[in-house]
Amino acid sequence: MAAKRLNQKDKYRCLTRDLAWEPSYQTKEDIYPYERFEGIKITDWDKWEDPFRLTMDAYWKYQAEKEKKLYAIFDAFAQNNGHTNLSDARYVNALKLFLSGVTPLEYQAYQGFARVGRHFGGAGARVACQMQAIDELRHVQTQIHAMSHYNKHFNGLHDFAHMHDRVWFLSVPKSFFEDARTAGPFEFLTAISFSFEYVLTNLLFVPFMSGAAYNGDMATVTFGFSAQSDEARHMTLGLEVIKFLLEQHEDNVPIIQRWIDKWFWRGYRLLTLVGMMMDYMLPNKVMSWAEAWEVYYEQAGGALFKDLERYGIRPPKYVEQTTIGKEHISHQAWSIFYQYSQATNFHTWMPTDEELDWLSAKYPDTFDRIYRPRYEHWREMQARGERFYNPTLPMLCQVCQIPLSFTEPDADTTLSHRSVLHAGERFHFCSDGCCDIFQYEPDKYVQAWLPVHQILQGNCGGGDVEAVVRDYYNIAAGFDNFDYQGSPEHQRWQQWQGDRPADFNTAG
Amino acid sequence: MPVTAIGAYQAQSLDRQENFNGLQLVYLTWDRHLMFCAPFTLPLPPDMPFADFIDNVVKPAIAAHPDAVRVDFAQAIWRLDDADFQPDWQAGLAANGIGHKSLLRLDTPGLDGLNGSFN
């Protein structure tokens, strides 16, 4: 007798919920030891609604089709020398930031979801995490492939995985994910699936992919489209996770609220890098960081938190500080990278006159008063042949690991600083948000690997910054870093422009 | 709660003073001079006299700023870890009460940065 074909509903049941079984010779407590120590109470895993409604066999089919299209476009881009059609070579520095700062995070996300998928008692949640883990691994691979073409023609893209573990500013994204991955499984999901993927991911992906489109980078745009359908599923998972946890037990509500407060703040700080990319690194700009924050957080996030009110959840703590900070953080970040450009894998520059005017128009209350005078001075120094590089090392926040460069919410020309004494040692923070995170779990953050302190303890292979950058980071001085103006990359780009036929030039 | 963990957990601070090979860290910020994006992290001998600290460390660190040549250190106002501070110029840093990872704030009245922009 021929075997009956399963209908879709049965197939879905067999390939998701039926993957679970009742243990007979081990207790569930022993099989899933991480389910309880965070204080989260799960009364019934069967209440979990699978948000993906997708089985693994269908998943392979969809993803394989997406991959085929994606790699066809990568090939076409490479064969047509797509990199020569960019708006300007300065744009590639945003890709260097993306490849070294974001791509390793996709890998960390893969590792995190693979791990928590093992540790949930509910089969639905396990399958959801498994699929997301595979998605994240695919994103790592496609990002590397999307940007590998640029590695043949531009500098600084040569060793991103090595740099992720070592270069000072990359400890910011690295520590964000390590904090999440060393938490319990429910905090990991709240941190990554909800706070990052659901609340903040649009701020990362939409500007990056629109920025790529505006600047002629079709390889990255195509990767973005390919990843976006996965991201939509991840966001659905993020919301499902939070609602499930909140509905399981009222005792979960204050725990989740504290995680939302923490991970909103950590995510907001991490996105400082994206703000800088939008306002400074895109030759053709999409929208300002302040505008993006208004659309993607203040409006979309506002509606989300209104929706969560019925569970007893309020908007994240210190959200009002982000409304003030949106006027400042991109300029503050660019000021850090400009003066420490000798220790990065990308170039920086002072904005052109046209760009300064764009910034003045986008930030009418702050830019001309605070940031324009600084940049005009730096431009004068550069014109005199004294381009400003800061010869000292900066003080870092113990939690977010960003230099203490943010200003007080109520005093925008005073550096923001908090400190506490813990077990006889002094610790410093950039903000109330980071200070609160430390004070709840100080023993976690006293172990932070702060790059500046590690260099000064002699743990980064050299006595001076030049040796650390060359030998420990694998960044070539004067080639991968320093100012864009006059760099080998700038010269190469000008050479290409000069080689183009005249009509091609004017069309661009 | 020192940390949320599945069992007993003993954390070791990574930046204890003994890890700095005989030196201590001092952070220094110059109020109203945001051109320097963040306070400086300075590894120093705890017995370095405050006068040497000014001449050999602070002056080179801030030299790139046009206000640097106009600073009158005799008139400077200091804060140490958020409290008023009067340095003893002949005494060492530690003897002055400047601890490992202390933050010193330098305030130079009358100097308000590039064209008064606090930069």
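Worth saying up front: this structure is predicted, and the values here are computed from it rather than measured.

Draft legend 1. Spotlight on the pairing of strand E3 (residues 77-80) of chain B. All names here are of chain B. Side chains Trp78 and Leu80 project from E3 onto a buried face, and the interleaved Ile77 and Arg79 project onto a face without burial. Strand direction decides the pairing type here: E3 and strand E5 (residues 102-107), joined by four bridges, are antiparallel. Each bridged residue has a counterpart across the sheet, and for Leu80 the counterpart in E5 is Leu104. Bridge analysis of E3 against strand E4 (residues 83-85) gives three bridges, and the strand direction is antiparallel. Considered in E4, the bridge of Trp78 is made with Phe85. Linking E3 to E4, which pair antiparallel, is a turn of two residues; within it Asp81 sits at a positive phi near 50°.

Draft legend 2. Fine view of the pattern of salt bridges. All names here are of chain A. Across all of its chains, the model carries 48 salt bridges over all chains by this definition. Of the charged contacts in the structure, one is a salt bridge between Arg418 and Asp432, with a shortest N-O distance of 2.6 Å. In this pair, Arg418 sits in strand E4 (residues 418-422) while Asp432 sits in helix H18 (residues 432-440), placing the two residues 14 residues apart along the sequence. Asp432 gets classed as partly exposed once you look at its relative accessible area, which sits at 22%. Among the ionic pairs, Asp471 bridges to Arg470, the shortest N-O distance being 2.9 Å.

Draft legend 3. Up close: the packing of helix H5 (residues 103-118) of chain A against helix H9 (residues 185-214) of chain A. Residue and element names in this part refer to chain A. Interaxial distance between H5 and H9 falls to 11 Å at its minimum, and their mutual angle equals 145°. Regarding H5 and H9, the two cross each other, and that crossing is left-handed. Contacts between H5 and H9 involve Glu106, Ala109, Gly112, Phe113 and Val116 on the former and, on the latter, Pro185, Phe188, Leu189, Ile192, Ser193 and Phe205.

Draft legend 4. Molecular detail of the UniProt feature "domain: YHS" (unreviewed entry) in chain A. Per the UniProt record, the feature "domain: YHS" (unreviewed entry) sits at residues 423-449 of chain A. For residues 423-449 of chain A, the helix share is 48%, the strand share is 19%, and the end-to-end C-alpha distance is 18 Å.

Draft legend 5. A look at the interface of chain A and chain B. With 50 residues of chain A at the contact, the number on the chain B side is 42 residues. Of the roughly 4000 Å² buried at the junction of chain A and chain B (both faces included), carbon and sulfur atoms supply 58%. On inspection of chain A and its partner chain B, the count reaches two salt bridges. Between Glu425 of chain A and Lys101 of chain B there is a salt bridge, and its shortest N-O distance comes to 2.8 Å. Taken together, the links from chain A to chain B amount to 23 residue pairs in polar contact (both at pLDDT 80 or more). Put simply, the parts of the chain that give the side of chain A that touches chain B at least two residues each are helix H15 (329-339), helix H17 (367-383), strand E1 (393-394), strand E3 (411-415), strand E5 (425-429), helix H19 (442-445) and helix H20 (451-456) of chain A. At seven residues, H17 of chain A tops the list of elements feeding residues into the side of chain A that touches chain B.

Draft legend 6. Region of interest: the packing of aromatic side chains. In this structure the tally under the stated criterion is 55 aromatic pairs over all chains. If you follow Arg166 of chain A out to its NZ or CZ, it ends over the ring of Tyr472 of chain A, 4.3 Å from the centre. Over the ring of Phe427 of chain A we find Lys101 of chain B; its NZ or CZ atom is 4.1 Å from the centre of that ring.

Draft legend 7. View of the packing of helix H4 (residues 92-101) of chain A against helix H12 (residues 272-281) of chain A. All names here are of chain A. Two elements in contact, H4 and H12, have axes whose closest approach is 10 Å; the angle formed by their N-to-C orientations is 170°. Considering the angle they form, H4 stands roughly antiparallel to H12. Contacts between H4 and H12 involve Asn93, Ala94 and Leu97 on the former and, on the latter, Leu273, Met276, Met277 and Met281. Residue composition of the contact of H4 with H12, by class: six nonpolar, one polar and no charged.

Draft legend 8. Structural detail: the side chain of Arg105 of chain B. All names here are of chain B. Mapping Arg105 onto the fold places it in strand E5. The buried category is assigned to Arg105, whose relative accessible area is 14%. Within the structure, the side chain of Arg105 is placed 3.1 Å from the side chain of Asp31, a separation counted as a polar contact.

Draft legend 9. A look at the nonpolar core. By size, the foremost hydrophobic cluster in this structure holds 193 residues, and its most contacted members are Phe113 of chain A together with Phe53, Trp78 and Leu104 of chain B. If near-sequence neighbours (up to four positions away) are discounted, Trp78 of chain B is found in contact with Leu28, Phe50, Ile54, Phe73, Ala83, Asp84, Phe85, Pro87, Leu104, Arg105 and Leu106 of chain B.

Draft legend 10. Main features of helix H6 (residues 123-151) of chain A. Its 29 residues give H6 of chain A an end-to-end C-alpha distance of 42 Å, which sits within 8% of 42 Å, the value for a rise of 1.5 Å per residue. In terms of residue burial, H6 of chain A counts as a mostly covered element, since 21 of its 29 residues are buried.

Draft legend 11. Inspection of H4 of chain A at higher detail. Taken across its 10 residues, H4 of chain A has 10 buried, putting it largely inside the fold. Residues of H4 of chain A that are buried: Val92, Asn93, Ala94, Leu95, Lys96, Leu97, Phe98, Leu99, Ser100 and Gly101 of chain A.

Draft legend 12. Inspection of the sheet that holds E4 of chain B at higher detail. Across the sheet, six strands lie side by side as E1(A)-E2(B)-E1(B)-E5(B)-E3(B)-E4(B); this open sheet has mixed pairing. Bordering the open sheet on either side are E1 of chain A together with E4 of chain B, each of which pairs with just one other strand. Bridge analysis of E1 of chain A against strand E2 (residues 40-44) of chain B gives two bridges, and the strand direction is antiparallel. Directly across from Pro394 of chain A, in E2 of chain B, lies its bridge partner Phe40 of chain B. The sheet strands contacting helix H1 (residues 50-62) of chain B are strand E1 (24-30), E2, E3, E4 and E5 of chain B, and the helix crosses E2 of chain B at an angle near 140°.

Draft legend 13. Main features of the confidence of the model for chain B. When pLDDT is averaged along chain B, the result is 97; 99% of the residues meet or exceed 70. Scored by ipTM, the complex comes to 0.98, with pTM at 0.96.

Thresholds applied
Residues numbered from 1 in each chain as written. Chains lettered and ligands numbered in written order. Predicted model: local features only at pLDDT ≥ 70, side-chain atom pairs only at ≥ 80, totals over all residues. Heavy atoms only, no water. Buried < 20%, exposed > 50% of the residue type's maximum accessible area, 1.4 Å probe, protein only. Helix = DSSP H or I, 4+ residues; strand = E, 2+ residues; numbered from the N terminus. Pairing = 2+ DSSP bridges. Salt bridge = Lys/Arg side-chain N within 4 Å of Asp/Glu carboxyl O. Axes fitted to C-alpha atoms, helices over the stretch in contact; angles between N-to-C directions. Left-handed = near helix turned anticlockwise from the far one by under 90°. Contact = heavy atoms within 4.5 Å. UniProt positions renumbered as here; feature names shortened; annotations may be inferred. Buried area = accessible area lost by both parts, 1.4 Å probe. Polar contact = N/O pair within 3.5 Å; in protein donor to acceptor, adjacent residues only side chain to side chain. Phe/Tyr/Trp six-rings, centres within 6.5 Å; stacked < 30°, edge-to-face > 60°. Lys NZ or Arg CZ within 6 Å of the ring centre and 35° of its normal. Parallel < 35°, antiparallel > 145°, perpendicular 65-115°, else oblique. Nonpolar A, V, L, I, M, F, W, Y, C, P; charged D, E, K, R; others polar. Core = buried A, V, L, I, M, F, W, Y, C linked by side-chain atoms within 4.5 Å. Expected span 1.5 Å × (residues − 1). pLDDT = per-residue confidence, 0-100.

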